[in-house]
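Results of the structural survey
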Amino acid sequence: MLFELKSVFLNDGEEKELTYQLDISDIEIDGAYPFKAPVTVNAAASNRASLVTLTLSCSFDYQRSCDRCGEECSTVQTPVFTHKLAQTLVDEGNDDYIETPDFSIELDEVVISDILLSLPQKFLCSEDCKGLCPKCGKNLNFGDCGCDKREIDPRLEILKQLMED
């Protein structure tokens, strides 16, 4: 979606808003397609003292399996991103500003990049997810499996066998 910002850049105190849906269901993350519904994007640009700021408020359902227990779960994410815009950049290595030489910005690229960078490296169904039993594979969130949790050093296994005889 192209966001035209000429009036915002040229008039101090000017504001402009835009709301649209962005379909990113074709993006694959770790072998899954977690974006089942379009992302709702609310974009707002404002000029305060000749500094143009772009605020992106996004809302989307994120469906993925938990990285600890493997259960499929869904969360509603509502991140907000802020960017400073400039018509021209003096320093090409400046990552603080997004250059908009023709007073417009392609929002789709910025939104997708912001969303992907905001996603957690490890996705958990809950903060206190217990995961799976390493011996039997039971989901420990639903109760204890009864497996012997004591780990014996393999070098001392022979001593355990002597004590059991």
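So, here is what we can say about the structure in this document. Keep in mind that what you see is a predicted model, and the values were worked out from it rather than measured. (Residues numbered from 1 in each chain as written. Predicted model: local features only at pLDDT ≥ 70, side-chain atom pairs only at ≥ 80, totals over all residues. Heavy atoms only, no water.)

A few words on the overall build of the protein chain. Of regular secondary structure, the protein chain possesses three helices and eight strands. If you list the helices and strands of the protein chain from N to C, you get β-α-β-β-β-β-β-β-β-α-α. Scaling as 2.2 N^0.38, a compact globule of 165 residues should have a C-alpha radius of gyration of about 15 Å, whereas the protein chain reaches 25 Å, well beyond that. Projected onto the principal axes, the alpha-carbon positions of the protein chain cover approximately 90 × 35 × 25 Å. The buried share of the protein chain, taken over its 165 residues, is 30%. Within the protein chain, residue pairs in contact and separated by at least 24 positions form 53% of the contacts whose partners lie at least 6 positions apart. (Helix = DSSP H or I, 4+ residues; strand = E, 2+ residues; numbered from the N terminus. Rg over C-alpha atoms; globule rule 2.2 N^0.38 Å. Buried < 20%, exposed > 50% of the residue type's maximum accessible area, 1.4 Å probe, protein only. Contact = heavy atoms within 4.5 Å.)

It is characteristic of soluble globular proteins that their nonpolar side chains tend to be buried jointly. Core analysis: the largest hydrophobic core is formed by 31 residues, its most contacted members being Phe35, Leu54, Leu56 and Ile115. For this core, the element with the most residues is strand 4 (residues 51-65), which contributes six residues. Phe35 has contacts with Ile24, Ser25, Ile27, Ile29, Phe60, Asp61, Tyr62, Ile115, Leu116 and Leu119, leaving out every residue within four places of it along the chain. (Core = buried A, V, L, I, M, F, W, Y, C linked by side-chain atoms within 4.5 Å.)

All told, the structure shown has four aromatic pairs when counted by the stated rule. Plain terms: the ring middles of Phe35 and Tyr62 are 5.6 Å apart, the flat faces sit at 55 degrees to each other, and that makes the pair tilted. With a gap of 27 residues between them, Phe35 in the loop between strand 2 (15-22) and strand 3 (39-48) and Tyr62 in strand 4 connect regions that are remote in the sequence. Grouping residues by exposure puts Phe35 and Tyr62 together as buried. In textbook terms, an aromatic cluster arises when at least three aromatic residues are bridged by ring pairs, as seen for Phe35, Phe60, Tyr62 and Phe123. Its guanidinium or amino end placed over the ring of Tyr97, Lys84 lies 5.6 Å from that ring's centre, counting from NZ or CZ. (Phe/Tyr/Trp six-rings, centres within 6.5 Å; stacked < 30°, edge-to-face > 60°. Lys NZ or Arg CZ within 6 Å of the ring centre and 35° of its normal.)

Moving on, we come to the environment of Cys58. For Cys58, the location among the structural elements is in strand 4. Along the backbone, Cys58 and Ala43 are 15 residues apart, and their C-alpha atoms lie at a distance of 8.6 Å. Setting aside residues no more than four positions away along its own chain, Cys58 makes contact with Val39, Thr40, Val41, Gln77, Thr78, Pro79, Phe81, Val111 and Ile115.

Of the pairings in the sheet, the one linking strand 2 to strand 3 comprises eight bridges and is antiparallel in character. In the sheet register, Lys16 faces strand 3, and the bridge partner there is Ala45. Relative to strand 4, strand 3 is paired through nine bridges, and the arrangement is antiparallel. Its bridge partner being in strand 4, Ala43 is matched across the sheet by Leu56. In this structure, the hairpin formed by strand 3 and strand 4 is closed by a connection of two residues, where Ala49 is found at a positive phi of approximately 55 degrees. (Pairing = 2+ DSSP bridges.)

A surface patch of nonpolar side chains, amounting to about 470 Å² of accessible area, comprises Ile152, Leu156, Ile158, Leu159 and Leu162. As for its placement among the helices and strands, Leu159 is situated in helix 3 (residues 157-164). (Patch = residues over 30% accessible without salt bridge, like charges linked within 9 Å, V, L, I, M, F, W, Y side chains within 5 Å. Areas by Shrake-Rupley, 256 points an atom, 1.4 Å probe, with all protein chains shown as cover. Salt bridge = Lys/Arg side-chain N within 4 Å of Asp/Glu carboxyl O.)

All told, the structure shown has three salt bridges when counted by the stated rule. Asp30 serves as the salt-bridge partner of Arg64, at 2.8 Å between the closest nitrogen and oxygen. One end of the pair, Arg64, is in strand 4; the other, Asp30, is in the loop between strand 2 and strand 3, and 34 residues separate them in sequence. Classification of Arg64 as buried rests on a relative accessible area of 6%. Using a relative accessible area of 64% as the deciding quantity, one classes Asp30 as exposed. Arg64 serves as the salt-bridge partner of Asp67, at 3.3 Å between the closest nitrogen and oxygen. Owing to a relative accessible area of 32%, Asp67 belongs among the partly exposed residues under this scheme. Three or more residues are tied together by salt bridges with common partners; here these are Asp30, Arg64 and Asp67.

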